[in-house]
Structure formats: C-alpha cells, structure tokens
Amino acid sequence: MDALWDLLRHVHDAYGVNLVHFYDGFERGRLLRGIWTTVKLAAVCIAFSILIGIVGAWLQTSRQRILKAAVKVYIQFFRNTPPLVQMYFFYFALGPQMPRVVNDFGVPQPMFGSFEWAVLSLSFFAGAFNVEIFRSGVEAVQKATVEAADSLGLSRWQIYRYVVLPLAVRICLPALNNNLVNLAKTTTQAYAIAVPETLFVASQIWSDRINVLEMMVTLLTFYLLLVGVFVWAMTRLERRLRVPGFGQ
Amino acid sequence: MKRLFATLLACMAGAVISAGPALADQMAIIKKKGVLVVGVKTDYPPWGTRDASGAIVGMEPEMAADVAKRLGVKLELLPVVSSNRMQFLQQGQIDLMIATMSDTPERRKVVGIVDPVYYASGVAILANKKANIKSAADLKGKPVCALQGAFYNNDLQSKYTGQDLVAFKGVTEAQQALIDGRCVGFVYDDVVLVWQKAQESKWGDFEVVQLNEWAPVPWGLAVKIEELNGPWGKFMADVTADWLKSGTLLALEKKWVGSNTPWLVDATAKAKK
Amino acid sequence: MTTGSVPAPRLTPRWFATAALLCCAALAAGEAGAQLQAAGSRPGVLATLWKWTPLVLFGPPREFGGFALNIAVSFLAMAIGTLAGLVLGLGLVSTLAPVRRLSWLVTQFFRNSPWLVLLFFVMLLTPFQLRIAGVAIPLPGWLKATVGLSLPIMANVAEIVRGAVNSIPTGQWESAESLAFSRLQTLWRIILPQCVKRMIPPWMNWYAILTMATPLISIVGVNDAMTLTQDALAAEQRSELLIPMYTLLLFFFFVYCYPIARWTIQLERRYAVRN
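Here goes a summary of the coordinates provided. Predicted, not measured: the structure shown is a model, and the values here were computed from it.

Bringing the overall build of chain C into the picture now. If you tally the helices and strands in chain C, you get 10 helices and 2 strands. Start at the N end of chain C and walk to the C end: the helices and strands fall as α-α-α-α-α-β-β-α-α-α-α-α. Considering chain C as a whole, with its 275 residues, one finds that 52% of them fall into the buried category. Of the accessible surface of chain C, which amounts to about 12,400 Å², a share of 69% is contributed by carbon and sulfur atoms.

This next bit is on the overall build of chain A. The secondary structure content of chain A amounts to 10 helices and 2 strands. Reading the helices (α) and strands (β) of chain A from amino to carboxyl end gives α-α-α-α-α-β-β-α-α-α-α-α. A compact globule built from 248 residues should have a C-alpha radius of gyration of about 18 Å, whereas chain A, at 23 Å, is more than 25% larger. With the principal axes as the frame, chain A shows a C-alpha extent of 75 × 50 × 30 Å. In chain A, which comprises 248 residues, the proportion classed as buried is 50%. Within chain A, contacts between residues at least 6 apart in sequence are counted, and of these 70% link residues at least 24 apart. About 11,300 Å² of surface is accessible on chain A, with carbon and sulfur atoms providing 64% of the total. Side chains of chain A carry 22 positive and 15 negative charges; the gap between the two charge centres is 14 Å.

This next bit is on the sheet that holds strand β9 (residues 123-128) of chain B. Residues and elements named next belong to chain B. As summarised here, the arrangement of the 5 strands in space is β11-β10-β12-β9-β13, forming an open sheet in which the pairing is mixed. Both edges of this open sheet fall to β11 (166-168) and β13 (206-210), since each of them pairs with a single strand only. Direction aside, the axes of adjacent strands within the sheet are offset by 25 degrees on average. Across the sheet, helix α8 (residues 190-199) touches β9, β12 (185-189) and β13, and the angle it forms with β12 is around 120 degrees.

Evaluated as defined, the whole model comprises 1 disulfide over all chains. What pairs with Cys145 of chain B in a disulfide is Cys183 of chain B, and their sulfur atoms sit 2.0 Å apart. Judged by the torsion about the S-S bond (-95 degrees), the Cys145 of chain B/Cys183 of chain B disulfide is left-handed. Placement of Cys145 of chain B in strand β10 (residues 144-147) and of Cys183 of chain B in the loop between α7 (171-179) and β12 is noted, with a sequence separation of 38 residues between them. You'll find Cys145 of chain B and Cys183 of chain B in the same group, each marked buried. The structure places no disulfide on Cys45 of chain A, whose sulfur is separated from the nearest cysteine sulfur, that of Cys172 of chain A, by 19 Å.

The next subject is unusual backbone geometry. All names here are of chain B. Residue Pro46 is reached from Pro45 by a cis peptide bond, and omega for that bond is 0 degrees. Residue Pro116 is bonded to the preceding Asp115 through a cis peptide linkage, with omega at 0 degrees. On the secondary structure map, Pro116 appears in the loop between β7 (111-113) and β8 (119-121). The backbone of Thr100 shows a phi angle near 50 degrees, a positive value even though the residue is not glycine. Relative to the helices and strands, Thr100 is located in the loop between β6 (96-97) and α5 (105-110).

Here we come to the interface of chain A and chain C. At the junction of the two partners, chain A supplies 47 residues and chain C supplies 43 residues. Carbon and sulfur atoms supply 75% of the area that chain A and chain C bury against each other, a total of about 4,300 Å² over both sides. One can count 0 salt bridges joining chain A with chain C. Our enumeration of links across chain A and chain C arrives at 2 residue pairs in polar contact (both at pLDDT 80 or more). Those elements that provide at least two residues to the side of chain A that touches chain C are α4 (65-79), α5 (83-94), α6 (114-140), α8 (156-186), α9 (198-209) and α10 (212-240) of chain A. Sort the elements by how many residues they give to the side of chain A that touches chain C and α5 of chain A lands first, with 9 residues.

What follows covers a nonpolar patch on the surface. A cluster of nonpolar side chains, namely Met1, Leu4 and Leu7 of chain A, defines an oily patch on the protein surface of about 330 Å² accessible area. Note on placement: Leu7 of chain A falls in helix α1 (residues 2-15).

With that settled, the discussion passes to the packing of helix α2 (residues 45-58) of chain C against helix α10 (residues 242-271) of chain C. Residue and element names in this part refer to chain C. Look at α2 against α10: their axes get within 11 Å of each other, and the N-to-C directions meet at 45 degrees. Judged on the interaxial angle alone, α10 and α2 are oblique. With respect to the hand of their crossing, α2 and α10 are arranged in right-handed fashion. In contact with Val45, Leu49, Trp52, Thr53, Val56 and Leu57 of α2, α10 contributes Pro244, Met245, Leu248, Leu249 and Phe252. Of the residues in the contact of α2 with α10, the class split is 10 nonpolar, 1 polar and no charged.

The next subject is the nonpolar core. Counting residues in hydrophobic clusters, the biggest one holds 213 residues, and the most contacted among them are Trp206 of chain A, Val67, Trp232 and Met236 of chain B together with Phe120 and Tyr246 of chain C. The two domains that each donate at least three residues to this core are domain 1 (23-120 + 218-268) and domain 2 (123-214) of chain B. Ignoring any residue separated from it by four or fewer positions in sequence, one finds Tyr246 of chain C in contact with Val85, Tyr88, Phe89, Phe92 and Ala93 of chain A together with Met226, Thr229, Gln230 and Leu233 of chain C. Membership of the second largest hydrophobic core comes to 13 residues, among which are Val37, Ile94, Val111 and Ala222 of chain B.

Along the polypeptide, Asn128 of chain B turns up in strand β9. Take Asn128 of chain B: its relative accessible area is 6%, and that puts it in the buried class. Dropping the residues within four chain positions of it, Asn128 of chain B is found in contact with Val107 of chain A together with Val184, Asp205 and Phe206 of chain B.

With that settled, the discussion passes to the sheet that holds strand β2 (residues 43-44) of chain B. Two pairing modes exist for strands in a sheet, parallel and antiparallel, and in both the strands are linked by backbone hydrogen bonds. Residues and elements named next belong to chain B. The 3 strands lie next to each other as β2-β3-β4, forming an open sheet whose pairing is antiparallel. Each having just a single partner strand, β2 and β4 (56-57) make up the two edges of the open sheet. For strand β3 (residues 48-50) and β4, the ladder comprises 2 bridges, and the chain directions are antiparallel. Across the sheet, residue Arg50 finds its bridge partner in β4, namely Ile56.

Pairing between side chains of opposite charge can happen when the charged atoms of each approach one another. Inspection of every chain in the model, using the stated rule, returns 14 salt bridges over all chains. In this structure, Glu27 of chain A engages Arg30 of chain A in a salt bridge whose closest nitrogen and oxygen atoms are separated by 2.8 Å. Pair noted here: Glu27 of chain A and Arg30 of chain A are both in helix α3 (residues 25-60), with a separation of 3 residues, about one helical turn. Taking the relative accessible area as the measure of exposure, Arg30 of chain A reaches 1% and is therefore buried. Put simply, Arg70 of chain B and Asp242 of chain B hold a salt bridge, and the shortest N to O gap is 2.9 Å.

Further remarks concern the side chain of Arg107 of chain B. In this structure, Arg107 of chain B sits in helix α5. Within the buried core, Arg107 of chain B has no salt-bridge partner, and the shortest N-O distance to an opposite charge, that of Glu106 of chain B, equals 6.8 Å.

Residues and elements named next belong to chain A. Tallied over the entire structure, the rule returns 41 aromatic pairs over all chains. The interplanar angle of 20 degrees and the centroid separation of 5.7 Å between the aromatic rings of Tyr88 and Phe92 together place this pair among those described as stacked. A residue pair is termed a helical-turn pair when its members lie 3 or 4 positions apart in one helix, as Tyr88 and Phe92 do in helix α5 at 4 residues. A relative accessible area of 1% means that Tyr88 is categorised as buried. Taking relative accessible area as the criterion, Phe92 reaches 2% and is therefore assigned buried.

What counts, and at which threshold
Residues numbered from 1 in each chain as written. Chains lettered and ligands numbered in written order. Predicted model: local features only at pLDDT ≥ 70, side-chain atom pairs only at ≥ 80, totals over all residues. Heavy atoms only, no water. Helix = DSSP H or I, 4+ residues; strand = E, 2+ residues; numbered from the N terminus. Buried < 20%, exposed > 50% of the residue type's maximum accessible area, 1.4 Å probe, protein only. Areas by Shrake-Rupley, 256 points an atom, 1.4 Å probe, with all protein chains shown as cover. Rg over C-alpha atoms; globule rule 2.2 N^0.38 Å. Contact = heavy atoms within 4.5 Å. Lys, Arg positive; Asp, Glu negative; His and termini not counted. Charge placed at Lys NZ, Arg CZ, Asp CG, Glu CD. Pairing = 2+ DSSP bridges. Axes fitted to C-alpha atoms, helices over the stretch in contact; angles between N-to-C directions. Disulfide = S-S within 2.5 Å. Buried area = accessible area lost by both parts, 1.4 Å probe. Salt bridge = Lys/Arg side-chain N within 4 Å of Asp/Glu carboxyl O. Polar contact = N/O pair within 3.5 Å; in protein donor to acceptor, adjacent residues only side chain to side chain. Patch = residues over 30% accessible without salt bridge, like charges linked within 9 Å, V, L, I, M, F, W, Y side chains within 5 Å. Parallel < 35°, antiparallel > 145°, perpendicular 65-115°, else oblique. Left-handed = near helix turned anticlockwise from the far one by under 90°. Nonpolar A, V, L, I, M, F, W, Y, C, P; charged D, E, K, R; others polar. Core = buried A, V, L, I, M, F, W, Y, C linked by side-chain atoms within 4.5 Å. Domains from an automatic or database assignment. Phe/Tyr/Trp six-rings, centres within 6.5 Å; stacked < 30°, edge-to-face > 60°.

What follows is the structure, encoded as structure tokens:
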C-alpha cells in the first residue's frame, strides 16, 4: 500500500495531478470516514422511509377521516417543497425547539445532532413518496385475494400484514427502487447542515488542498459506484420477488 | 437536431479545456467593458453585508467602489463565499477579489495576492463560557463550528479537535449552530468575533478567546495570478499603498467597524514613512 | 422521485383554507411572542417578514435573483434538458449499436450522479466565458447552475423518450416499413406524435422535481430565494425569525409546485392507456 501512496505522491510532484486525498494519511482518513457516514446515512434513511411508507399506506386504508387527512397533508407538504429547504427548516428552525441535554463539555445541546436531523428530514421526504408508491401497490392487489383472506377470519391488520403488503411490495418494487436510488443521491444535501458525509469532506479537502478537479472525479466515481451497487442489488431482488403471471 | 447537440457537446468540452490562461492586460479589458466586477462577501458584517433593499454594503464594498471611481468605470459587486472565491477569480467571473481573504503561501500559488496587504486578523474562538476554553489545546475531542474554506480548518482538525469540524457555508449558519449548542465554540477571524460580540446582547453567555496558536495573518485583495505583475496588479498595488498612506482605510474601518485595530494603525504609520 | 403512475390524494380548496389559517395562527402566535420579548423595541415578526418579502421574491434591485430566479432557472434548465434529452433518447433507440451504447453510458452517468455533485462540477470547473469564433459569450453563475441542473434532466428525459418509443407496438414499425416509410420518417411522423401524450405526465413530474432542486444553486453561490432568505436572517440576527422565514420560503415553493402536481395527475388520468 505504501508503495502506491509513494507513487501517487510522485505523480503529484512530477505531473501536478494532486491525489492528496489518497496518499496523505489524514485526508484519506477523513475521506473514508465521510464515505462511511454516507453509507450509514443512506442505509438508515432507506429503512426509515420504507417504514414511513408502510405505515402511511396502512393509515390511508383507515376509516378515520382525520388520520387519512393528516397523511394527505404530510404527503402534499413533503412532495411539493424542496428537500434542501426542508432540511434547513428541520435543523435550524425546529432543531433549537427540542429539549436540551447538557453534554460532556458543559454545553446544553439540543437532543438531535445534524446526522439525526438529516435522517429525519430525508426519511420524511422520501417517505412521502413511499406512501404513495405502497398505496399504488396496495390498490393493485386484487379484491378477490383480500376477500378470500377476510373470509378466513383474518383481522384488518393481519390481512394488510400477511396478504396485501407482501404482494404490494412486489408489485411496486420498481417504483420503490427508483425512489430509494434518489434518496441515496439526495443524502449529499446533508452537506448543507454540516453532516460530515462524502461531499462535505470532499469540499473540505478541495478547499484546503486546492485540488478541485481531482477531488470531483473521485467524488463522482464514488457515487456512481455506490448507486451502481445499489441498483444491481435491487434489480436482483426485483427479479427474485417478481410476482408470477404479471408483465412479460 | 443531432448537429446542434454535437456542437453543444463540443462547446462544453472546449469550455472545460480552455479554462486556462485568459487574455493579457485585464486593466484594458475592464476599461473597455466599462464595468469592474468585484467579488465581495455578503455574510460578513460590517466588512460586507446586505441591507434590506438588497444592496451590498460595508467596508470592502466601499473599497471596491473607490477602485471603480479611480478607473472611471461602473462597479458591479458579485457575492462570493470562502469556498468559491478563488475559483471565481481563476475563472474570471470577477476582476478583483476583496473578500476578507487571509494571505497564505498556498493561496499565493493560486491567485495573485497584491502587496501591500490591506488588513489583518488573527484567529479566535467565540466560545460558550461553560465549555471553559483557554486555548486550542482545550478543543480536543469537542465539536467546533467553523466556516468551510477557512485556512486554519486543516490545522484545527488535524492538530487540535481530532474530529470533523461542524463547518458551514456561511457565518449565519455557523453562529446559529453555536447558539443552538451544536458546538462549544465558533473558530473564526478575531476581528469579526470581537465586533459581533460587541454588537449583540445574545452573546452574553459567550466569550472571545484569542487562539495564539495562529499568528495574525494579513488579508490580501487578489487579482488573477497572471495579472499580478501586469498593469492591473501594479495598479491595485498602488491603490492599496495609497489607501494606507492617505488614511483612507483607517477612516473606513472607523466608519464601519467603529474602532481601529492596532495592525491597521501600525500599517498606516509605516506607509506614511 | 419518479412516481409517475401514482395518483396523489386530492386536496380540496378547503384544505388550502385550513392550511392557510394554521399558518396565520402560527405567525400570529410568533408575533405575539416576539412582541412580548422585544417589549416594543423591535418591529414584529410579520412586519419583518413583509419587509424582506420583495427581496426574497424578486432579488436585489437591478439584479436578477430571488424566487423569480428559481423559476427562471427551472424553465431554462427544463428547456435545455428536454432538447438534449430528446436527442439522447433517440440515441437510446438508435439502430446503430455504438450510438446506442454511447447514449446509454451518458444517460446512466447523469441519471446516477447526485445533482449537487454535478452542480459543483459545472460551477467550479467551467470558465466564466466561452470563446466561439472570437466572440466571448459570458457565462454568469446562474447560467452555469442552469446547465448543471439540466444535465440530470437530460438523462431522465432521454429515459422517458426511450420508454415511450418502446411502448408503441412493434406492429406499427412493421406496417410503416411495408408502406415504404424510412426509419426516420416512421419515427418523426408515426411514432413520436403518439409518444408525446405519454411523455407529458412524467415530463411534468420531472419539472416539479427540478423546481424543487433549484434551491441547491444557493450552495454554489447564486442569489436565489434560499440565499437571500439566509442573507436576510444574517442581517436581522434574530432567532425568533428562523421558523417564520423558512416557512415563508417553503410556502412560496408549495404554492408554485402544488398546482403543477395536481395538473400532472389530471393529465395522467386523461392520457392513461387503457388496458
């Protein structure tokens, strides 16, 4: 490994291609931590947004008008406002309203940090789309199937959990994938509220080391790889879970 | 349609490649187009800020206006932030940068920093009194707010805090984060922190602690690096020298900041000799 | 974000009224609180919001900026993205394998890169002006940001075109061929006219997504509504303004984007291909 770093250092001196974020231990360390933060952020947001989608779609089948209305307002608000402004709103406007805890340094700190707020805002944003995606899946489940489950004496939640949802997820998986890929890409916006994810760290490095082009190329390569791996995994899942008898 | 697209692509490719050196003699170009474009800050009161009408005002915009007056051209102020100001100058989006930029050897390799320099500031932290910060060594393992693109960020993180800084694009966000308790202190230029603390009663629970780990660093106005030794760079060097000699900068500092910093008083005295 | 086939629940005017009422109530509460706090020494929250609204909506005088710039950027980026996307989309269905492969590569690249990274790329690595045949064409920041935003739009429009062309039954190509139409003629006069209807709803969906991505240009230093909101907050230095100011900004976007979303759904229903 050291030989490689030496080679890159030589490349910098001899050809002016500044890959300092690889060969310098400090920069490499923070870049790797940034990548790890991005992966963590994406994974947690994906999990939460799916949960929101499932619960939201379930609430929409409810007979309570208030509940349905609340879900409607939630969806319309998050779908029709910019995710970046939402993030600022959450972090700077709502954040300080949270109860404070005194941290180890004697400073009272709001309960959630920037990572948590990024998770909340991104999950709610993607969740609004997921609710609609799941709902379209639920609606596509054939009435006869639900009636059959009903006649077997299953409760409404049981029907949703064991019959409708498994079918619905399979039907709406392509749309869901699309939204989740978008969510993974939208994690870059956490940059704005100082979550040390990949873009944040990269911009720190290119400001300090003035190697914008090299850093950009590295950054794009990383995101293409990340999204590529995710898309590949999801396409496999899609194929495995395909409902027989639908589509070509 | 296809041809149009091909042309478009070729243009884009060409644009990326031809980003290198531009034409010589910026001075003649500025005079010819009749407009001087200066990059200034809008989030750095009282050196550069917006008023409610949207106009950019402050000490540095006023310096920029003086340059335009001397050239007999119109002035256009373009807002820049720390993380993009040097690129803006390199790409030629601005003719001149007066954007509170500290003078460092690395930066001198990228942009043409004009001598003499016009201002200076040290590094300080606006810290929560409860955190009991006395020097940079006390910052170990603590969340510290900062501004993206500041020259001391790298040192601060690698030598002192040992963890990622809570760095924002603008001063507003960093200050808000400090008030909200997201960090123990906001590391920034001492002159600003002192001024801010004096302005606002909301900083009652905070104190400005000078971080002597970093010596005071001059602020330089900058032109494109190719222009530094050309007519444009020389012109700006003369203008800055005159500002110091005539006491213009002292007067401007008094007007906007309210008091004079020892560095500027010294620099003016030296220039007069 | 492409949920083209998913109908959104209907929000009636009554909902709007309720929402507006709630907003007003929140503002009034903030106003009362602020006045208690400030004890009359500072203008109230509503008055302050009102003072900054023109700046946030239209930008500084004699400068183009604010929410109007967000809208202008969204129009222009959509236009550029659509034109380039049409060409790229036709490349995706080309019979020439190299063209098809190259188009696929370009599409995938721009579809899978984060918008913000593309924006940084274009902002920081392209020059301020183009020289074409000795004529210098200036490229101001907002224009570069527009190009940056149009790149992902281009790739997604290309996908829409490909999807629409592929949704036309193969039989039509064959019939056209038997009537001695060339491939280009078939595409222009038979296939594409049928595609337009199918393309409009997803295309509008992308327009909405683009509009909501425009505040990203604030990060790269363009004077849009987001930047100016932050400048206003910087000048005021009052914490109690944070919620109202950001709410106002969200409200501007909602008022603009919500009707577009409704209209998209209506068009979707009208143009739906019946199975």
